[in-house]
Amino acid sequence: MKTRAPLFCACLLAVASALPFATLASEAVVAADSAQVAPELQAAIAANWRSPANVARDNYRHPAQTLAFFGLQPNQTVVEITPGGGWYAEILAPYLRENGRYVAAVVDPAALPAGGGRDYQQRSRDGLARKFADAPAQYDRAVEVAYDPAAPVLGAPGSADLVLTFRNVHNWRANGQAEGMFKAFHDVLKPGGTLGVVEHRAKADVPADDKSGYVGQAQVIAMAEAAGFSLVQSSEINANPADTKDHPNGVWTLPPSNNHEAADAAKYKAIGESDRMTLRFVKN
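Residues numbered from 1 in each chain as written. Predicted model: local features only at pLDDT ≥ 70, side-chain atom pairs only at ≥ 80, totals over all residues. Heavy atoms only, no water.

A. Expanded view of the overall build of the chain. Check the secondary structure of the chain and you find eleven helices and nine strands. Among the 284 residues that make up the chain, the fraction classed as buried is 51%. Considering only contacts within the chain whose residues lie at least 6 apart along the sequence, 76% involve residues at least 24 apart. Total accessible area on the chain is roughly 12,800 Å²; 53% of this is exposed by carbon and sulfur atoms. (Helix = DSSP H or I, 4+ residues; strand = E, 2+ residues; numbered from the N terminus. Buried < 20%, exposed > 50% of the residue type's maximum accessible area, 1.4 Å probe, protein only. Contact = heavy atoms within 4.5 Å. Areas by Shrake-Rupley, 256 points an atom, 1.4 Å probe, with all protein chains shown as cover.)

B. Just the side chain of Asn240, in detail. In this fold, Asn240 is placed in the loop between β8 (229-235) and α11 (265-271). Note on Asn240: relative accessible area 13%, which makes it buried. One polar contact links the side chain of Asn240 to the main-chain carbonyl oxygen of Glu273, over a distance of 2.6 Å. Every residue in contact with Asn240, bar those within four places of it in the chain, is listed here: Ile271, Gly272, Glu273, Ser274 and Asp275. (Polar contact = N/O pair within 3.5 Å; in protein donor to acceptor, adjacent residues only side chain to side chain.)

C. Representation of the packing of aromatic side chains in the model. Here the structure, examined in full by the defined rule, presents eight aromatic pairs. Taken together, a centroid distance of 3.9 Å and an interplanar angle of 10 degrees make the contact between Tyr88 and Phe166 stacked. Taken as a pair, Tyr88 in the loop between β3 (77-81) and α5 (89-96) and Phe166 in strand β6 (residues 160-166) lie far apart in primary sequence, 78 residues in all. Note on accessibility: Tyr88 and Phe166 belong to one class, buried. In this structure an aromatic cluster arises from ring pairing among Trp87, Tyr88 and Phe166. Above the ring of Trp87, the side-chain terminus of Arg50 is found at 5.1 Å from the ring centroid. (Phe/Tyr/Trp six-rings, centres within 6.5 Å; stacked < 30°, edge-to-face > 60°. Lys NZ or Arg CZ within 6 Å of the ring centre and 35° of its normal.)

Printed below as a string of structure tokens:
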């Protein structure tokens, strides 16, 4: 398969030594948020098959800039970790359909003990399967891989160009699964492959049992580096300076969860979605 030119050219603003997390990423840089978005990617984001509710969140999730920052190309094999209801799958699967490969890595409910956790993962898996089945023109070539979060395998070793995870790291840390997940990312990626991470960003390091949903940026970098990755770039594409990160129900106080008193609706709507780190790593 012919390799295509990169989709964007990131403008470098500053070396990481000027940033608080420089001790963990002394060779990394912060990328400008004006990455050039290829017309094909922009078309997938603007497509009419995306649900209106998902489109309404583009202002917070910045899919075009985020995917361009991660170096997404249409001929890649891309593994998305726990895609949930398919917010990014609506963009990625059709975009990769002709020349690439979209892999949805979902938790295998059978790997979990009976109870609410298993039921939740089964509902999530069934919902994504219905989405794919209902729109074969977009999703008929999407591939599902079910993994055991206690011993995750995301595909054949060295088979993926890009692994993407959006707002999952806090869950893995809380469940003692983060080390295994980052190892699985490293295993499935080709040498030189890319890991893209978006995560709710805490003000500083937080304990593993923290219930806020936020994680320290330096902590995520350290986990990735321990698994054999190097941080290439960070971006403020998904930053939100209005997020004070001291909400009564953690990150779930904010949209889209909106777990707050009705009287506070305007306050949290004004804040918007969480402040998020956006990190691009390369497999060593």
